[in-house]
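For reference, the chains in residue letters:
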Amino acid sequence: MTGTPPSEETTGTTGTSETAVRGYGKTSPGGRKGLFRSRDFALFFVGRAVARLGDTMLPVALAAGLLQHGYGAGAVGLAMAATAAAFAGLVVFGGVFADRFDTRSLMIGADLVRLGTQALAAGLFFAGHVVLWEICLIGFVNGVAAAVFQPGVASTVPRLAADVQGANGAIRVAESAAQLAGPALAGLLVGFASPGAVFAVHAATYAVSALCLLLLRLPPLAAARSQTATATFRTDLVEGWREFRARTWLWGVIAIWCLYMVAVWGPTVPLVATEVVQQHGPRAYGLVNSALGAGTVVGGLLALRLRPRRMLRAGAVALFGFAAFPWAVGAGLGIPAMAACAAVAGAGMSFWGVMWATSVQTQVPSDVLNRIHAYDVAGSLAMMPVGQALAGPAASLLGASHVLLVSAAVSLVVPVALLAVPAIRGLLRADAPTTRQTPAPVPAPAPTDRAPVRPECG
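Residues numbered from 1 in each chain as written. Predicted model: local features only at pLDDT ≥ 70, side-chain atom pairs only at ≥ 80, totals over all residues. Heavy atoms only, no water.

**Regarding the overall build of the protein chain**
- Counting secondary structure elements, the protein chain contains 19 helices and zero strands.
- When each of the 458 residues of the protein chain is scored for burial, the buried share is 53%.
- In the protein chain, the share of contacts with a sequence separation of at least 24, taken over all contacts with a separation of at least 6, comes to 89%.
- Accessible surface, the protein chain: about 18,400 Å² in total, of which carbon and sulfur atoms supply 69%. (Helix = DSSP H or I, 4+ residues; strand = E, 2+ residues; numbered from the N terminus. Buried < 20%, exposed > 50% of the residue type's maximum accessible area, 1.4 Å probe, protein only. Contact = heavy atoms within 4.5 Å. Areas by Shrake-Rupley, 256 points an atom, 1.4 Å probe, with all protein chains shown as cover.)

What follows is the structure in structure tokens.
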């Protein structure tokens, strides 16, 4: 979600030339017009899309499979929480590993681990031997593997594409389309086969992802990156935190995003599901959810075309659109209106996500990017379980509709807060990642804090 180097003065974020800012129009193999002419980007694109398709199928398989074997909703939540807890707790360490060792090897290893665990889960469901603690253990191992895999995504994109924003936009569109198709495909597999079949397909998606990564031809890493091999693990961890803390735009976005997770995203997801299903039925909820997914596709397409000079400012403006979703459900509007508002919300969130991811990947030096991305992800996700946990008690006390209206109001406050921070709203785009160098003695620059960017959710 966020990321920047130790001091904005040494990263190049305040000194990007107009030529560099506008250099995205080139038609080089990695440029905007040639993204899919690049064999390597196409491989990475396919791997991310297929993996996302499998990930969106998993909740359906878990819910259907555990319910069929006599477990309740609490067991489904526990199985999902095992993965989320392992990921959130260990992703920062995964970022250190990704900066110390070969990123692609770590990502392939993580995919192969999940290929094995999901194949094992498929075997358990096919055999009818489903024990909750075993499923939770498999989920925990998957979370550890995801914590190792995810940091490498941030540094791989700028190594594959000269047009980082275009690459992020294309990947966002593919992942959004996969999110629309995944649950429907999982439902068909459960209906015509069994939950075990979904786990088997999910395992196969990791095999495809690992194969795509194996076939990549990545350019060599910057020389500065190799120096981290001589540092201790603790030193790298501390350095990553120092780099993260030194960027006002980075930690500022994460701090504001904590409010967003607690008061907006955390309550909105469970309460929208509850309200729509209870009042209009599960089909209506499926329609609203599909509209949200379609909106994220639109947001990704817009991010492919629009090239704002101040990306975080543009992304924050787009975030205003998310308020329409919880407001429409809280106000008790009809299904068509809720679906339309969900589409607007999805487009705004998706556009922000591309602006944020691109800002982090282009503003942060390559030798610390994985660690900073890991801090970004950990900070962004940390407060989501709090918001989800508070949603039920708050709904019991105030009523679900009132909580959703409050969430809508807070979702208007969040972009205002982002725009109120000079470092965030003034951050200039930089379309080429910077490599940190030991700064030579130079006159102290005038006080400035022009490096803002914001995390995505994602």
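Now that the structure is up, let's keep going.
**Focus: the environment of Gly70**
- Among the structural elements, Gly70 can be located in the loop between α3 (39-68) and α4 (73-100).
- When its relative accessible area of 68% is taken as the criterion, Gly70 is described as exposed.
- Between the C-alpha atom of Gly70 and that of Val130, which follows or precedes it by 60 residues, the distance is 9.8 Å.

**What to know about the confidence of the model for the protein chain**
- Per-residue pLDDT for the protein chain averages 79, and the proportion of residues at 70 or more is 82%.
- Within the protein chain, no element has a lower average pLDDT than helix α2 (residues 18-21), which sits at 26, and none a higher one than helix α13 (residues 311-319), at 95.
- Confidence drops under a pLDDT of 50 for residues 223-229, and excluding neighbours within four residues, the segment shows 16 contacts in the predicted structure.
- The low-confidence segment residues 432-458 (pLDDT under 50) makes 91 contacts with residues lying over four places distant or belonging to another chain. (pLDDT = per-residue confidence, 0-100.)

**A word on the packing of aromatic side chains**
- If you walk through the whole model with that rule in mind, you get nine aromatic pairs.
- Residues Trp249 and Trp356 carry aromatic rings whose centres are separated by 5.8 Å and whose planes lie at 70° to one another, so their mutual orientation is edge-to-face. Of the two residues, Trp249 is situated in helix α11 (residues 248-280) and Trp356 in helix α15 (residues 335-363); the sequence distance between them amounts to 107 residues. The exposure classification of Trp249 matches that of Trp356, with both residues buried.
- Taking 5.9 Å as the distance between ring centres and 15° as the angle between the ring planes, the aromatic pair formed by Trp352 and Trp356 counts as stacked. (Phe/Tyr/Trp six-rings, centres within 6.5 Å; stacked < 30°, edge-to-face > 60°.)

**Quick look at a nonpolar patch on the surface**
- Judged by side-chain polarity, Leu90, Phe93, Phe97, Phe101, Trp133, Leu137 and Phe140 come together as a nonpolar surface patch covering roughly 680 Å² of accessible area.
- Elements that contribute at least two residues to the nonpolar patch include exactly α4 and α6 (132-160).
- Take Phe93: it is sitting in helix α4. (Patch = residues over 30% accessible without salt bridge, like charges linked within 9 Å, V, L, I, M, F, W, Y side chains within 5 Å. Salt bridge = Lys/Arg side-chain N within 4 Å of Asp/Glu carboxyl O.)

**Section: the side chain of Asn168**
- With respect to the helices, strands and loops of the structure, Asn168 is situated in helix α7 (residues 164-192).
- Residue classification places Asn168 among the buried positions, given a relative accessible area of 9%.

**Here's the deal with α13**
- What α13 keeps buried is the set Met311, Leu312, Gly315, Ala316 and Leu319. All buried residues of α13 fall inside an arc of 130° around its axis, so they share one side.
- Residues of α13 that are buried make contact with α7, α11, α15, α18 (400-420) and α19 (422-425). (Arc of directions from axis to C-beta.)

**A few points about the side chain of Thr117**
- Inspection of the secondary structure assignment puts Thr117 in helix α5 (residues 103-127).
- Thr117 sits in the buried class, given a relative accessible area of 11%.
- Here the side chain of Thr117 touches Arg114 through a polar contact of 3.1 Å, landing on its backbone oxygen.
- When near neighbours in sequence (up to four residues on either side) are disregarded, Thr117 contacts Ile138, Val141 and Asn142. (Polar contact = N/O pair within 3.5 Å; in protein donor to acceptor, adjacent residues only side chain to side chain.)

**Some points on the environment of Cys258**
- Examined against the element boundaries, Cys258 turns out to sit in helix α11.
- Along the sequence, Cys258 and Gly387 sit 129 residues apart, while their C-alpha atoms lie 9.5 Å from each other.
- Residues contacting Cys258, with those up to four places away along its chain left out, are Gly379 and Met383.

**What about α6?**
- The end-to-end C-alpha separation of α6 is 41 Å, in line with the 42 Å expected for 29 residues at 1.5 Å each.
- Of all the bends in α6, the largest measures some 30° and sits at Ala154, one to four residues before the proline Pro158.
- For α6, the tally of buried residues reaches 21 of 29 residues, placing the bulk of the element in the interior. (Expected span 1.5 Å × (residues − 1). Bend = angle between axes of the 7 residues up to and from the residue.)

**Considerations on the nonpolar core**
- Trp249, Phe325, Trp352 and Leu418 are the most contacted members of the largest nonpolar core, which has 63 residues in total.
- Residue contributions to this core peak at 13 residues, all from α11. (Core = buried A, V, L, I, M, F, W, Y, C linked by side-chain atoms within 4.5 Å.)

**Points about the pattern of salt bridges**
- Scanning the entire structure with this criterion turns up four salt bridges.
- One salt bridge connects Arg48 with Glu175, and the closest N-O pair in it is separated by 3.8 Å. Taken as a pair, Arg48 in helix α3 and Glu175 in helix α7 lie far apart in primary sequence, 127 residues in all.
- For Arg114, the salt bridge goes to Asp111, with nearest N and O atoms at 3.0 Å. With a gap of three residues between them, Arg114 and Asp111 both fall in helix α5, about one helical turn apart.

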